[in-house]
Amino acid sequence: MKVISVSNIKGGSGKSTTVAHLACALGRRGKTLVVDLDMQGDVTDFCLPDLTLDKIEDKNILSVFLGLKPIRECIFTTKNFDVLPSTLNLSKLHKYSPDSMSLSLQFKRSLEEIKKDYKYVVMDTPGSAKHELTAALYNSDLILIPVTPSKWTIRAVNLLLDEITVTETLFSQKKKTAFVPSLFGASKKHRELLDRLKQIEEIPTLGEIPKSESIKTKTEKQEILKKDTNAWFAFDRLADEVLALVDPEENLIFFRS
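Figured I'd write up the structure that's included with this text. (Residues numbered from 1 in each chain as written. Predicted model: local features only at pLDDT ≥ 70, side-chain atom pairs only at ≥ 80, totals over all residues. Heavy atoms only, no water.)

## Examining the overall build of the chain
Alright, step 1. Counting its secondary structure elements, the chain contains eleven helices and seven strands.
Alright, step 2. For the chain, whose C-alpha radius of gyration is 17 Å, the value lies close to the compact-globule estimate of 18 Å for 257 residues.
Alright, step 3. If one aligns the C-alpha atoms of the chain with their principal axes, the spans along those axes are about 50 × 40 × 35 Å.
Alright, step 4. Taken over 257 residues, the chain has a buried fraction of 52%.
Alright, step 5. In the chain, the share of contacts with a sequence separation of at least 24, taken over all contacts with a separation of at least 6, comes to 79%.
Alright, step 6. As displayed, the chain offers around 12,500 Å² of accessible surface, 51% of which is attributable to carbon and sulfur atoms.
Alright, step 7. Charge separation in the chain, taken as the distance between the mean sites of 37 positive and 35 negative side-chain charges, equals 2 Å. (Helix = DSSP H or I, 4+ residues; strand = E, 2+ residues; numbered from the N terminus. Rg over C-alpha atoms; globule rule 2.2 N^0.38 Å. Buried < 20%, exposed > 50% of the residue type's maximum accessible area, 1.4 Å probe, protein only. Contact = heavy atoms within 4.5 Å. Areas by Shrake-Rupley, 256 points an atom, 1.4 Å probe, with all protein chains shown as cover. Lys, Arg positive; Asp, Glu negative; His and termini not counted. Charge placed at Lys NZ, Arg CZ, Asp CG, Glu CD.)

## Description of the packing of helix α7 (residues 153-171) against helix α8 (residues 188-198)
Alright, step 1. Where α7 meets α8, the closest approach of the two axes is 11 Å, and the angle between their N-to-C directions is 20 degrees. The angle between α7 and α8 falls in the class roughly parallel. Handedness of the crossing formed by α7 with α8: right-handed. Of the residues in α8, those touching α7 at Thr 153, Ile 154 and Val 157 are Leu 193, Arg 196 and Leu 197.
Alright, step 2. Within the contact of α7 with α8, the residues separate by chemical class into four nonpolar, one polar and one charged. (Axes fitted to C-alpha atoms, helices over the stretch in contact; angles between N-to-C directions. Parallel < 35°, antiparallel > 145°, perpendicular 65-115°, else oblique. Left-handed = near helix turned anticlockwise from the far one by under 90°. Nonpolar A, V, L, I, M, F, W, Y, C, P; charged D, E, K, R; others polar.)

## Some words on the layout of surface pockets
Alright, step 1. Roughly 730 Å³ of internal volume is contained in the largest pocket.
Alright, step 2. Listing elements by their share of the lining of the largest pocket, those giving two or more residues are α1 (15-27), α2 (42-47) and α9 (213-220).
Alright, step 3. A per-class count over the lining of the largest pocket returns eleven nonpolar, 14 polar and ten charged.
Alright, step 4. When its volume is computed, the second largest pocket comes out at roughly 230 Å³.
Alright, step 5. In this structure, the second largest pocket is lined by 15 residues; those nearest its centre are Leu 53, Ile 56, Ser 86, Thr 87 and Leu 88. (1 Å grid on protein atoms, 1.4 Å probe; cavity = no way out; pocket = protein on both sides within 12 Å on 5 of 7 lines; lining within 4 Å. Points joined across faces, edges and corners; volume = space filled by probe spheres on them.)

Honestly, it's all geometry; don't read function into it.
Spelled out as structure tokens, the structure:
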């Protein structure tokens, strides 16, 4: 089982959109679980639009963190992938446990219980430095950083990289990271900003997700992308690039089959 976190400290960076459509692409390659670690619940809304709040009141990521329910009891099935949802109650996590390390280890034990059930896990993370972010970073094989052409992009990236460094130091482990540029146009300003990202040599920059009305509309309508469209191909290519980083041998098998 390979775990991919999609993270950015800055809001509006396309985290949830990336998680939703990347999970669809990975789901075509193997059984995939989406984990919503953001109290805003955007990915939960996308994946489970018809599910009432009472259905997930005690079956969500908070219950898993606190050991109130086994992880399998909190997972919901959809056509394209399975989902471990979030609710606004996740905002109370720091009150129940002030210790990021113990929560990260508890989450690791939960993921161990389902490691034979899934090939891929894709996690949406909060847009701030919280326990949930630390738990996601610690348990990830790859951290994808979606970036958009904003004046705050480089600063937000640096803040997240600081958080990754803190987590690496806390748990004595090195993490793979990669940038996913989104919504970059052909303007000189956008190209210069993208070039600045590419100059961070230790972190690869993956293929761009185009500015697309189709992606925006489908995401807002909580629908998957239409097969063989430019938007569909963009996330399909991203899935290949992700597998090349986390599971290169399996990626070759997929291409041969």
